[in-house]
Amino acid sequence: MRLVLLLAATTAVADDEIVSIVTTKEGVQRSITAKEVDAYAIYNAAVASQIRGEYARAVAEFEEALTIAPALPEALINLGNAYSDLANDGVSDVAKAAACYERAIAAADHPKIVAQAESNLGHLLARNAARDVAKLEVARGHLERAIAADPGFPDAHFNYGIVLDGLGRVEDARAAYERTMALAPAHENARLNLANTYFTEGDSDAAARIQLELVADPTLSRGVRLNALNNLGQTFRDGNLHDRAEAVFGEAVAFAPDDGTSLGNLMTARRTICKWAGFEETQRGLLAIVEASLADFEGRRRRGAGVGRRDCDLAVMPYDATLLQHFPNDVLRRLTSAQVFQRFGHAAPPPPRSARRGRLRVGYLSSSSTTASRRPSSPGARATSPRSTRGARKSS
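Residues numbered from 1 in each chain as written. Predicted model: local features only at pLDDT ≥ 70, side-chain atom pairs only at ≥ 80, totals over all residues. Heavy atoms only, no water.

(A) Quick peek at the packing of helix H2 (residues 55–68) against helix H3 (residues 73–83). H3 packs onto H2 with a crossing angle of 145 degrees between their chain directions and a minimal axis gap of 10 Å. Relative to H3, H2 is oriented so that their crossing is left-handed. Residue-level inspection shows Val59, Phe62, Glu63 and Leu66 of H2 in contact with H3, the latter providing Ala75, Leu76, Asn78, Leu79, Ala82 and Tyr83. A class-by-class count of the residues in the contact of H2 with H3 yields eight nonpolar, one polar and one charged. (Axes fitted to C-alpha atoms, helices over the stretch in contact; angles between N-to-C directions. Helix = DSSP H or I, 4+ residues; strand = E, 2+ residues; numbered from the N terminus. Left-handed = near helix turned anticlockwise from the far one by under 90°. Contact = heavy atoms within 4.5 Å. Nonpolar A, V, L, I, M, F, W, Y, C, P; charged D, E, K, R; others polar.)

Written out as structure tokens, the structure reads:
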């Protein structure tokens, strides 16, 4: 949120004397003191640094602004976004990010700011909850408070849908995505996840209709287009339309040759229709992608950075003997451990589970400030989530 300062004529005044009026993006007007003028100037410089991608500098500037004005909610929200790995650069501190959002909620002087901080906090907690129902319920509470504060805030509804999906409340999640689209018709991640809710319930025709509309949309972002292609191929596979699935996965690989999920899906589809030409060479290409993904995952985990599906794409399942016949056992063990950690938050094998349908890529939570996205897993699908910074929307 960029703040516009309407400064009065400068004269010698006491630090606590009101000298100016600030108008925020939400239309909130604040009286500020002579001392706080410097805080707003530094805050605006931090926003500019963030826009340029200079995140370390932005963090330092937000912190400097907060030493002058500790209750500046916009600075707290944006600092929280930076601590929650806004740059997706492997540097994150969940505890510091959550503390910033909580301080912003306490200091907020407008319902929209409350909504942005609550939505971002819900996004942060859900992103780090894995499959922990108790943690997802806490995130749900924050998102419900965000919606209560600002019912017209699309990111809060979108993030709410993600959490409801994680809790297995598919119909409620669908309603949240539909509400998101009513408020923001171009919200591509909500469209992607809406299709996934139909797929989850076995309505492949409804899922395919939405996915076909998505892949035909020339305005679609690169990440969502890739997710939609993989999800559409998965939907065709689910309907035993294997030739069409193979064609769509081929389109995804042509669109993003270095995407392991797309390559794994294509190989699976070609195996189904006994299309073996070049299969071994493709396997070796997939191995190189998986090894790079594992190195990224393991490095991020050592640093304490985010290692969820939004952060690291571990493209294939470790038990597919035909698909992975050229994978060394060490790689398969590391892949198993990493995927268990992504799903359950620990490295120990989970208890046996009943078989389930293929998984689609989804649109991940979003936060107020910048936008981020998530995709479904492989071979299968993922999802996308937006986030926001300047102001207080973080949808992931």
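(B) The packing of aromatic side chains, seen in detail. Following the criterion strictly, the structure yields four aromatic pairs and no others. Note on Tyr43 and Phe62: the rings are 5.8 Å apart at their centroids and 45 degrees apart in plane angle, and the pair reads as tilted. In this pair, Tyr43 sits in helix H1 (residues 34–51) while Phe62 sits in helix H2, placing the two residues 19 residues apart along the sequence. Like Phe62, Tyr43 is buried. The ring of Phe255 is capped by Arg222, whose NZ or CZ atom sits 5.5 Å from the centre of that ring. (Phe/Tyr/Trp six-rings, centres within 6.5 Å; stacked < 30°, edge-to-face > 60°. Buried < 20%, exposed > 50% of the residue type's maximum accessible area, 1.4 Å probe, protein only. Lys NZ or Arg CZ within 6 Å of the ring centre and 35° of its normal.)

(C) Highlighting the confidence of the model for the protein chain. When pLDDT is averaged along the protein chain, the result is 82, and 79% of the positions lie at 70 or above. Looking over the protein chain, one finds the lowest element-wise mean pLDDT in strand E6 (residues 381–383), namely 28, and the highest in helix H8 (residues 170–183), namely 98. Considering only residues more than four positions removed or in separate chains, one finds that residues 349–356, a stretch of pLDDT under 50, has eight contacts. Low pLDDT (under 50) marks residues 369–396, which in the prediction has 230 contacts with non-local residues, meaning those over four places away or in another chain. (pLDDT = per-residue confidence, 0-100.)

(D) Up close: the nonpolar core. By size, the foremost hydrophobic cluster in this structure holds 35 residues, and its most contacted members are Leu286, Val290, Leu294, Phe297, Val316, Leu324 and Phe327. Every element with two or more residues in this core is listed here: helix H11 (222–238), helix H12 (242–255), helix H13 (260–272), helix H14 (279–303) and helix H15 (329–344). Examining the composition of this core, we find that seven residues originate from one element, H14, more than from any other. Setting aside residues no more than four positions away along its own chain, Val290 makes contact with Val316, Phe327, Val331 and Leu335. The next biggest cluster of nonpolar side chains, apart from the first, holds 32 residues, and it includes Tyr160, Val163, Leu164 and Ala176. (Core = buried A, V, L, I, M, F, W, Y, C linked by side-chain atoms within 4.5 Å.)

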